[in-house]
Amino acid sequence: MAKPGLDGHDRGAKVIARALRDGGHEVVYTGLRKTPEEIVRIVMDEDAAALGLSTLSGAHDVLLPAICEGLRREGLTEVVVFAGGIIPSGDHESLHEDGVRAIFGPGTRTTEILDFLEAARQRIEGGEPVGVGENSGWRWE
Amino acid sequence: MGVIPANLLDSALTGNRRDLARMLTVIENGGAFDIPEQSSWTLGVTGPPGVGKSTLIGRLISNWADRGERIAVLAVDPSSPRSGGALLADRMRMSTADSNDSVFVRSLATRNHPGGLVSCLSPMIDALAACGWSRIVIETVGAGQAEIRVVAFADRILLVDGPDRGDIVQAEKAGIMELADIVAINKSDLPNSQQAADSVRSALEVGGDSSVTVHLVSAHDGSGIIELLDAIESCPASGARDRLRVRERLLSAWDSRLLAHPQLNEVIDALETGSITLDEAVEIVGLSED
């Protein structure tokens with residue numbers, strides 16, 4: 001669970017991190033104001049299977065593609081990327097095309113995020129593409 | 001995730017950071033590698049929750065990196081007993097760690113298996129040392145026996161405490177004081193820290209151990225950090241506490257073997273119904289190889 005860029009609002013990220021923990025996941029929380037390069041490095045060192053990005057700053061259309069690109073550049077193509085926070089629906093399509101598999105807005109139930117991760121896990125087990133660098137039209141809606 | 005390439009070890013040894021990370025995952029899940037033997041330099045850092053262990057490690061990391069060392073941190077946090085999940089947030093306090101090529105931080109959950117993590121710790125240390133990480137730090141919350149056993153895998157142990165905690169008694173109760181080579185009283189920028197250092201010193205004097213040094217530091221403003229680092233660097237790996245550490249390692253290996261015993265559940269069931277006694281149970285789970 002990461003907080004990219006200049007964004008001090010971490011309540012959402014902490015709630016999600018807690019919910020995922022309670023759902024049985026091992027969650028590494030990066031803390032605030034990480035650069036895309038730092039986030040890619042953390043995903044690599046922690047060998048994370050999935051990356052959740054929380055952003056409320058409005059800079060999602062710059063930061064998220066930079067992170068997805070960085071993951072692909074480092075060969076971390078199988079990482080499942082999802083996002084949440086304040087991301088206008090008009091921006092969803094291009095983020096999905098960039099490899100973000102799910103975008104959760106305000107009001108999302110934490111169980112839905114667990115359901116998404118479970119669906120992603122089942123796809124991986126079935127050999128279906130779901131990672132940020134894998135050619136997949138799949139998205140959570 | 002995915003297929004593990006056969007040459008993971010070779011790739012990691014040539015400096016591929018990602019493959020080292022994947023190798024650690026394989027080890028964590030019980031896999032093994034034929035890692036070439038070499039010596040390692042390890043420091044265990046423990047202490048009560050909230051005394052600033054991670055922040056202090058962040059400071060040490062920066063100074064080590066300036067001296068040309070390559071530092072790997074294994075940050076251990078407990079798993080939730082209810083869900084089995086874990087929230088691993090030590091690295092957020094080590095802010096310099098995420099952008100420095102000579103720093104590698106890996107978060108580990110205890111997975112509610114005191115022996116479990118410990119049995120993979122040795123191969124992880126070996127893997128990191130073989131890949132050229134010259135300073136390996138193991139961080140745990142010093143709250144119980146399982147945590148002590150984790151830090152006992154390090155060749156030298158730093159105990160961190162803070163002012164106004166009254167918690168050094170807890171550390172003494174848990175037996176960490178006996179294992180520590182160096183004590184750091186963090187938050188020296190706050191009042192009463194000198195008093196805390198004095199009380200630790202007097203506790204050590206009562207114990208008759210004069211080789212343990214007590215340092216007043218502030219991870220917040222950086223004071224005392226260089227002196228602490230020098231003390232850590234000059235601390236010999238072998239000492240009177242070696243025997244205690246070896247003992248803890250033996251106990252954790254024993255735990256691990258017991259918890260993996262194929263008849264463990266049957267024995268627990270039998271104990272629960274009262275059909276065997278505790279002594280008989282110990283006989284059954286025995287200590288033989290299989």
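Thresholds applied
- Residues numbered from 1 in each chain as written.
- Chains lettered and ligands numbered in written order.
- Predicted model: local features only at pLDDT ≥ 70, side-chain atom pairs only at ≥ 80, totals over all residues.
- Pairing = 2+ DSSP bridges.
- Helix = DSSP H or I, 4+ residues; strand = E, 2+ residues; numbered from the N terminus.
- Axes fitted to C-alpha atoms, helices over the stretch in contact; angles between N-to-C directions.
- Contact = placed C-beta atoms within 7 Å.
- Nonpolar A, V, L, I, M, F, W, Y, C, P; charged D, E, K, R; others polar.
- Domains from an automatic or database assignment.
- Buried ≥ 20, exposed ≤ 12 C-beta atoms within 10 Å, placed from the backbone.

Caption draft 1: Geometry of the sheet that holds strand β4 (residues 100–104) of chain A. All names here are of chain A. Taken together, three strands build an open sheet; the order of strands is β2-β3-β4 and the sheet is parallel. Of all the strands in the sheet, the pair left with one neighbour each is β2 (50–55) and β4. Taken pair by pair, the neighbouring strands of this sheet meet at an average axis angle of 20°, ignoring direction. Summarising the sheet, β2 and strand β3 (residues 80–85) pair through six bridges and their orientation is parallel. Considered in β3, the bridge of Leu53 is made with Ala83. Lying on the sheet, helix α3 (residues 60–73) is in contact with β2, β3 and β4; it crosses β2 at an angle near 165°. Relative to the sheet, helix α5 (residues 110–125) contacts β2, β3 and β4, its axis offset from that of β4 by approximately 170°.

Caption draft 2: The arrangement of the interface of chain B and chain A in detail. On the side of chain A, 28 residues touch chain B, which itself brings 25 residues to the contact. Elements represented by at least two residues in the side of chain B that touches chain A include exactly α2 (17–28), β3 (86–88) and β4 (103–109) of chain B. Residue contributions to the side of chain B that touches chain A peak at six residues, all from α2 of chain B. Considered class by class, the residues forming the side of chain B that touches chain A number 11 nonpolar, eight polar and six charged.

Caption draft 3: View of the domain arrangement of chain B. All names here are of chain B. Annotation of chain B at the domain level lists domain 1 (1–34) and domain 2 (37–241). Facing nine residues of domain 1, the contacting portion of domain 2 comprises eight residues. With five residues, the single largest contributor to the side of domain 1 that touches domain 2 is α2. Here the residues of the side of domain 1 that touches domain 2 are counted per class, giving eight nonpolar, no polar and one charged.

Caption draft 4: Highlighting helix α12 (residues 278–285) of chain B. With zero of eight residues buried, α12 of chain B lies mostly on the surface of the structure. Among the residues trailing α12 of chain B, Gly286 of chain B stands out with phi positive, at a value near 35°.

Caption draft 5: How the structure looks around the environment of Asp101 of chain B. In this structure, Asp101 of chain B sits in the loop between β3 and β4. A C-alpha to C-alpha distance of 17 Å links Asp101 of chain B and Ala130 of chain B, two positions 29 residues apart in sequence.

Caption draft 6: Looking closely at the pairing of strand β2 (residues 71–77) of chain B. Residue and element names in this part refer to chain B. Burial of β2 is extensive: six of the seven residues sit out of reach of the surface. Examined bridge by bridge, β2 and strand β5 (residues 135–139) share five bridges and lie parallel to one another. In the sheet register, Leu74 faces β5, and the bridge partner there is Ile138.

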